[in-house]
Amino acid sequence: MQTCPYCKEKIYSNALVCRYCKRDLPAMNAVQPHAASWVPALLATAVIFTGAAVLAYEFFKERRNWVDRG
Ligand SMILES: [Zn+2]
């Protein structure tokens, strides 16, 4: 529980709107914007897959050189 900054009534800490004065409570909203949670994960996944693809490409390129020398 927490106190509404406008009417000073007790409200739930995850409330988006005060149930007493009906005001929006954006600053007290603990929920992150959902875009912020998946964008870094997507970027990290893209970086990992790109790195893996580059490593695999370099590995097979070197491997072909070994085969040619052998
Ligand atoms: Zn209020």
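Residues numbered from 1 in each chain as written. Predicted model: local features only at pLDDT ≥ 70, side-chain atom pairs only at ≥ 80, totals over all residues. Heavy atoms only, no water.

**Student:** Can you break down unusual backbone geometry residue by residue, with the values?
**Tutor:** For residues other than glycine, phi is negative in most cases, and the peptide bonds are mostly trans. Positive phi values are uncommon outside glycine, yet K8 reaches one of about 65°. Tracing the chain through its elements places K8 in the loop between β1 (2–3) and β2 (10–11). Positive phi is not limited to glycine here, since K22 has a value of about 65°. If you trace the backbone, K22 turns up in the loop between β2 and α1 (34–69). (Helix = DSSP H or I, 4+ residues; strand = E, 2+ residues; numbered from the N terminus.)

**Student:** Could you give an account of the coordination of the zinc ion, naming the residues involved and the relevant values?
**Tutor:** Summarising the metal site, the zinc ion is bound by the protein donors C4 (SG), C7 (SG), C18 (SG) and C21 (SG), whose distances to it range over 2.2 to 2.3 Å. Every donor counted, the 4 donor atoms about the zinc ion form angles of 104 to 118° at the centre, which fits tetrahedral coordination. Judged by its relative accessible area of 28%, C7 is partly exposed. Assessed through its relative accessible area of 27%, C21 is described here as partly exposed. (Donors = N, O, S within 2.8 Å, 3.2 Å for Na, K, Ca; no water. Tetrahedral: all angles 85-135°; square planar, octahedral: opposite > 155°, others 65-115°. Buried < 20%, exposed > 50% of the residue type's maximum accessible area, 1.4 Å probe, protein only.)

**Student:** Just give me the short version of the packing of aromatic side chains, but keep the residues and values in it.
**Tutor:** Applying the stated criterion across every chain yields a total of 2 aromatic pairs. Consider the rings of F59 and F60, whose centres lie 5.4 Å apart with planes at 80°: the pair is edge-to-face. When the centroid spacing of 6.3 Å and the interplanar angle of 90° are considered together, the rings of F59 and W66 count as edge-to-face. Overall, F59 belongs to the partly exposed group, its relative accessible area being 43%. Taken together, the ring pairs in this structure connect F59, F60 and W66 into an aromatic cluster. Positioned above the aromatic ring of Y6 is the side chain of R23, whose terminal nitrogen or guanidinium carbon lies 4.3 Å from the ring centre. (Phe/Tyr/Trp six-rings, centres within 6.5 Å; stacked < 30°, edge-to-face > 60°. Lys NZ or Arg CZ within 6 Å of the ring centre and 35° of its normal.)

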